[in-house]
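# Summary of structural features
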Amino acid sequence: MIWKTRTIVGVVFIGLILMQFLYDPLAFLEQNINIGNIQTILIKAQAQWDSAMIQNYAFEIHGASQSICKVNASIEVQDDAVRKVQPLHVNSALPPDAWADPDWGNEVFLCDYNHFTVPQMFAMLGKTLENSPFAILDAEFDPQYGFITQFADGISASHGWLNLQRQSIYNEFQVSNFKIEQ
């Protein structure tokens, strides 16, 4: 089932890319340049993160997968594994068995808090760039440590030379208040 879904999504993306090129080659070229920049920066950001050798850290994450999962939590990571999830504006932490949405879990990145480590975020971005690079709408990285600070994917479509480009965001998140823990 997942294979068929990915195949259909792949065909749709190829069709959209072809249409975008035919109707608005400048937007197509701009998207190609942006994807190339993200690929280049990702390699440097991962090397930057790896050289810092940070394994214990905390951060806040805000995001959503379109009508599936909403994420607003403080995350604590020890030895590159999520150890604590504290939903923002709630007094008690989630128990580990509540960190994943059983209906979506591994299928949707944001539906499983266990994914919220820097190496897993890098892996998700790398996999998306490999499987459907034109789905990437935005990716930004921390200048000091290299971790992903902002990410968005979905569909970007243009309807010709004079029409503005439209974006439909499927997944997005922002990482803030990053702290290295002892």
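Treat the numbers as computed from the prediction; the structure is a model and nothing was measured.

### Points about the overall build of the chain
A count of helices and strands for the chain gives three helices and six strands. The linear arrangement of helices and strands in the chain, starting from the amino end, is α-α-β-β-β-α-β-β-β. The proportion of buried residues among the 182 residues of the chain is 38%. In the chain, the share of contacts with a sequence separation of at least 24, taken over all contacts with a separation of at least 6, comes to 53%. Per element, the accessible surface of the chain, about 10900 Å² overall, is 56% carbon and sulfur.

### Remarks on unusual backbone geometry
Despite not being glycine, M53 shows a phi value in the positive range, around 50°. Relative to the assigned elements, M53 resides in the loop between helix 2 (25–52) and strand 1 (57–65).

### Observations concerning the state of the cysteines
Within this structure, the stated rule accounts for one disulfide. Between the sulfur of C69 and that of C111 lies a disulfide, 1.6 Å long from S to S. Disulfide C69-C111: torsion about the S-S bond near 105°, hence right-handed. Separated by 42 residues along the polypeptide, C69 in strand 2 (residues 69–78) and C111 in the loop between strand 3 (81–87) and helix 3 (118–131) bring together distant segments of the chain. The same class applies to C69 as to C111, namely buried.

### Comments concerning the packing of aromatic side chains
Counting across every chain of the model gives eleven aromatic pairs. Residues W49 and Y57 carry aromatic rings whose centres are separated by 5.2 Å and whose planes lie at 85° to one another, so their mutual orientation is edge-to-face. A network of ring pairs unites the aromatic residues W49, Y57, F59, Y145, F147 and F178 as a single cluster.

### Brief notes about the nonpolar core
Formed by 36 residues in total, the largest nonpolar core has its most connected members in F59, I75, F116, L125 and F173. Secondary structure elements with two or more residues in this core: helix 2, strand 1, strand 2, strand 3, helix 3, strand 4 (136–141), strand 5 (148–157) and strand 6 (166–180). Ranked by the residues each element gives to this core, the list is headed by helix 3, at six residues. If near-sequence neighbours (up to four positions away) are discounted, I75 is found in contact with Y57, A58, F59, I61, V82, K84, V85, Y113 and F116.

### Here's the deal with the side chain of S65
Checked against the element boundaries, S65 lands in strand 1. The exposure class of S65 is buried, given its relative accessible area of 2%. At a separation of 2.5 Å, a polar atom in the side chain of S65 contacts the side chain of N171. Not counting residues within four places of it along the chain, the set of residues in contact with S65 comprises V108, L110, Y170 and N171.

### Focus: the environment of Q78
Note on placement: Q78 falls in strand 2. Q78 gets classed as partly exposed once you look at its relative accessible area, which sits at 40%. Q78 sits 22 residues away from N56 along the chain, and the two C-alpha atoms are 4.3 Å apart. In this structure Q78 touches Q55, N56 and R83, once residues within four positions along its chain are discounted.

### Points about helix 3
Compared with the 20 Å implied by 1.5 Å per residue over 14 residues, the 20 Å span of helix 3 between its first and last C-alpha is a close match. For helix 3, every residue scored as buried is listed here: V118, M121, F122, M124, L125, T128 and L129. Viewed along the axis of helix 3, the buried residues span an arc of 160°, placing them on a single side of the element. Turned more than 90 degrees off the buried face of helix 3, the exposed positions are E130 and N131.

What counts and what doesn't
Residues numbered from 1 in each chain as written. Predicted model: local features only at pLDDT ≥ 70, side-chain atom pairs only at ≥ 80, totals over all residues. Heavy atoms only, no water. Helix = DSSP H or I, 4+ residues; strand = E, 2+ residues; numbered from the N terminus. Buried < 20%, exposed > 50% of the residue type's maximum accessible area, 1.4 Å probe, protein only. Contact = heavy atoms within 4.5 Å. Areas by Shrake-Rupley, 256 points an atom, 1.4 Å probe, with all protein chains shown as cover. Disulfide = S-S within 2.5 Å. Phe/Tyr/Trp six-rings, centres within 6.5 Å; stacked < 30°, edge-to-face > 60°. Core = buried A, V, L, I, M, F, W, Y, C linked by side-chain atoms within 4.5 Å. Polar contact = N/O pair within 3.5 Å; in protein donor to acceptor, adjacent residues only side chain to side chain. Expected span 1.5 Å × (residues − 1). Arc of directions from axis to C-beta.

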